Amino acid sequence: MIDANVLVYLLIVLPLIAEVAYLFKSLPKITILSASLVVALAIYLHTELPIAGTFYLTSITWVFVLMVSSVYLLSSIYSYSYFNHRLSNKALNNYYALVNLFVASMLFGLVINNYGLMWVGIEATTITSALLIMTDKTPVSLEVTWRYIIIVSVGLVFAFISIILIYYHFNTLTVSQILSTGNRNSELVLVAVAIALVGIGTKIGIFPMHTWLPDAHSEAPAPVSALFSGVLLPTALYVLYMIYQIDPPTTLFIIFAIATIVFASIFLSYQKNYKRMFAYSSMENMGMALLGVAIGGYGLIGAIIVLFAHSFGKAGAFYSSGNILHTFETKEMSSINGLFNNMKTTSSALLLSSFAVTGVPPFGVFVGEFLIFAQLFAMHLYVELGIVLFFVMLAFISINYNVSKIVFGEGNESIHEKEGMLKIIPLSAAIISLLIGVVLILVMA
Amino acid sequence: MTFIAEIVYMLSAFTLLSAFFILLQPFIRSMIRGIVVQSVLIGLISFIMAYYLSSIDFVLLGILVIVLRGFLVSYLLERQLKKHSSLFRESTYGIPSTILMAIVVAIVGSFIVYFYVFYNLIVTVTIGTTSILLFAFMMMFLGIYIILSRKNTMTQIIGYVEEENSMVLMSIFLIPVPFIVEVTVFLDVITLVLIASVVAKEKLEHVELQELRG
């Protein structure tokens, strides 16, 4: 029997081993193989839970690991068709090399049993993902990359203060050790958790530290946006959750979560660019997940379901956006309509994905949001519940109204549906999000 | 206060002065020199703490800060500077207004953090009193102010290095340096190498873009 820690090592190392194929210029195919192995390994790891040693994996961590590995696989396959004929062989190899590093750093940040190294993992994702944003090397993408690096790095410096304070108080940074300490309540730790909210919150896209998020998501290539929105933000949220557990300042987290939902919903309601609109939708979903994490109980379960279902739904939305951008060469929503006439699969994927991310029943996000609302109700937080319901509804109407305008209408005869993986992957991602909801509803029933 | 504590306070004050010096420079090369001086000062503080606390970890940290932050980063920035003569000088808003704004941002900001957050907590520092943390806070705010007020890639990198330096200073005063601080020093250099070699090469000024509004 192989030691569970070795399996987790393998999980992080597999994307790095794949990098060897860079030398033989066959990285894209090897990456898809490595991503498939990572998904298989992630599924198998469920039998080994819980793991505490060099790594720290609970069933919650496992959901995040599965999320990262699945979107890694989907993005690897989609990227191969998406960049075909658009990037040179060398540029494609460089792109895949960065994707592998990016995923390895995310997995490292998730599973490591040390707050300091978790921070290192998150910082490493900034380094590896920054260059992915500027794959197209347009002036706007360069500006966005710069903003991303500067804003997130400054945020993470704040998060580092929090790590220093945690070390100062506990004299260790081992997650399992700190979480098993009996008396964790102290003003200093509360300050540390609050600073972590600002610092790591920058990476999650919590209002008002979110300014890099819509820029980066809208300018990055579609498969990268899917990785950003689908799994990078949840990975950062997981690290914040681990810090939050030490000594939770619940009210503070609730305030920031609700502010994020409110402002994201307002911002997305007047967007003209569909990728930017989906970026704000990610922010709104992260706000919802943060709210679930803050209130705990069913809210926590709801938050994890929201994140899991959202990762596939949002990946589907960005993949279909990629197809649309490929075809129409514009991100302006007003220039696109009648997509369903000629691009049936892509438009179905787009519609299903927008249903998925806005929490239409029976999609997974709906189940998660329902649990968060139920917990708010149980805690008698009626005002908070009312505000959140109103703004979630606003986001729901804005996104689905805009998407339906893109999908339905007269249409342009000269456009054609994408072939192969470009149409299969977006639809599959949206359907997975639907299945998550259906399975959960059946289980709960 | 012991003699060693007095020296550490004095060096910390010089570190803060170097932060003000960097802030007021319109010439990028002078700013880079300022960062070298600042990193060497932090390295010296680390060496003194190594002697004071008899800890070899501080020696390692000091060497890392001086070599990586002080020399490697400045070497990389200088190399970029040679390639782009347009980066030689940046127009600033004038010394009096910059100083005034920096005082408002740094001093007021750090005093609020210090008095409302740290003063109420029972924090013991490795040397002197908790007031020594003020140097780190002020430097952090000055670093952020440089990033906010300047539009040039180089100056923003320098602001970021200064902010990171303040973190190292704060961790020196708060905790017996764990492995993580050393990892951070190393990781930042990787970030900066990346930034300096890839982004800065193609994007020298940062202005608002119509596409990124809203």
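Just above sits the structure.
Thresholds, definitions, all that
Residues numbered from 1 in each chain as written. Chains lettered and ligands numbered in written order. Predicted model: local features only at pLDDT ≥ 70, side-chain atom pairs only at ≥ 80, totals over all residues. Heavy atoms only, no water. Helix = DSSP H or I, 4+ residues; strand = E, 2+ residues; numbered from the N terminus. Buried < 20%, exposed > 50% of the residue type's maximum accessible area, 1.4 Å probe, protein only. Contact = heavy atoms within 4.5 Å. Areas by Shrake-Rupley, 256 points an atom, 1.4 Å probe, with all protein chains shown as cover. Axes fitted to C-alpha atoms, helices over the stretch in contact; angles between N-to-C directions. Parallel < 35°, antiparallel > 145°, perpendicular 65-115°, else oblique. Nonpolar A, V, L, I, M, F, W, Y, C, P; charged D, E, K, R; others polar. Salt bridge = Lys/Arg side-chain N within 4 Å of Asp/Glu carboxyl O. Phe/Tyr/Trp six-rings, centres within 6.5 Å; stacked < 30°, edge-to-face > 60°. Lys NZ or Arg CZ within 6 Å of the ring centre and 35° of its normal.

Engineer: Any chance you could break down the overall build of chain B for me, citing the residues and the numbers?
Structural biologist: Within chain B one finds seven helices and zero strands. Reading chain B from its N terminus to its C terminus gives the helix and strand order α-α-α-α-α-α-α. Scored against the burial criterion, the 214 residues of chain B give a buried share of 58%. In chain B, the share of contacts with a sequence separation of at least 24, taken over all contacts with a separation of at least 6, comes to 80%. Accessible surface computed for chain B: about 9100 Å², of which carbon and sulfur atoms make up 71%.

Engineer: So what's going on with the packing of helix α15 (residues 344-358) of chain A against helix α17 (residues 382-407) of chain A? Residues and values would help.
Structural biologist: Residue and element names in this part refer to chain A. Here α15 crosses α17 at 175 degrees, and the two axes come no closer than 10 Å. With respect to α17, the axis of α15 lies roughly antiparallel. Of α17, the residues touching α15 (which contributes S347, L350, L351, S354, F355 and T358) are A395, F396, I399, N400, V403, I406 and V407. For the contact of α15 with α17, the residue count by class is nine nonpolar, four polar and no charged.

Engineer: Describe the environment of A429 of chain A, listing the residues and the values that go with them.
Structural biologist: Residues and elements named next belong to chain A. Looking at the secondary structure, you find A429 in helix α18 (residues 421-444). According to the relative accessible area criterion, A429 is buried, its value standing at 0%. For the pair formed by A429 and A349, sequence separation is 80 residues and the distance between their alpha carbons is 8.2 Å. Those residues in contact with A429 that lie beyond four places of it in its chain are L74, F312, G313, A315, G316 and Y319.

Engineer: I'd like a rundown of the pattern of salt bridges, residues and numbers included.
Structural biologist: Overall, the coordinates contain seven salt bridges over all chains when judged by the stated rule. Put simply, D215 of chain A and R147 of chain A hold a salt bridge, and the shortest N to O gap is 3.0 Å. In this pair, D215 of chain A sits in helix α9 (residues 212-219) while R147 of chain A sits in helix α6 (residues 139-170), placing the two residues 68 residues apart along the sequence. Among the residues examined, D215 of chain A registers a relative accessible area of 3% and is labelled buried. Two residues, E78 of chain B and R29 of chain B, come together in a salt bridge whose shortest N-O distance is 3.1 Å. Of this pair, E78 of chain B sits in helix α3 (residues 56-83) while R29 of chain B sits in helix α2 (residues 28-53), and the two are 49 residues apart along the sequence. What makes E78 of chain B buried here is its relative accessible area of 17%. Residues participating in the shared-partner salt-bridge network are E143, R147, D215 and R276 of chain A.

Engineer: An account of unusual backbone geometry is requested, with residue identities and associated values reported.
Structural biologist: With an omega dihedral of -10 degrees, the bond running from L49 of chain A to P50 of chain A counts as a cis peptide bond. Looking at where P50 of chain A falls in the secondary structure, it is placed in the loop between α2 (27-45) and β1 (51-52). Residue F207 of chain A is joined to P208 of chain A through a cis peptide bond whose omega torsion reads 5 degrees. Residue position: P208 of chain A is located in the loop between α8 (187-204) and α9. Although it is not a glycine, N171 of chain A adopts a positive phi angle of roughly 60 degrees. The residue N171 of chain A is located in the loop between α6 and α7 (175-179) in this model. When its relative accessible area of 56% is taken as the criterion, N171 of chain A is described as exposed. A positive phi angle is found at S54 of chain B, which is not glycine, with a value near 50 degrees. Tracing the chain through its elements places S54 of chain B in the loop between α2 and α3. Judged by its relative accessible area of 67%, S54 of chain B is exposed.

Engineer: Quick one: what's the story with the packing of aromatic side chains, residue by residue and with numbers?
Structural biologist: Residues and elements named next belong to chain A. Scanning all chains against the criterion turns up 24 aromatic pairs over all chains. Note on F377 and Y382: the rings are 5.4 Å apart at their centroids and 70 degrees apart in plane angle, and the pair reads as edge-to-face. Given a relative accessible area of 43%, Y382 falls into the partly exposed group. Taking 5.0 Å as the distance between ring centres and 85 degrees as the angle between the ring planes, the aromatic pair formed by F390 and F391 counts as edge-to-face. Given the relative accessible area of 53%, F390 is considered exposed. The side chain of K344 reaches across the aromatic face of F340, ending 5.3 Å from its centre.

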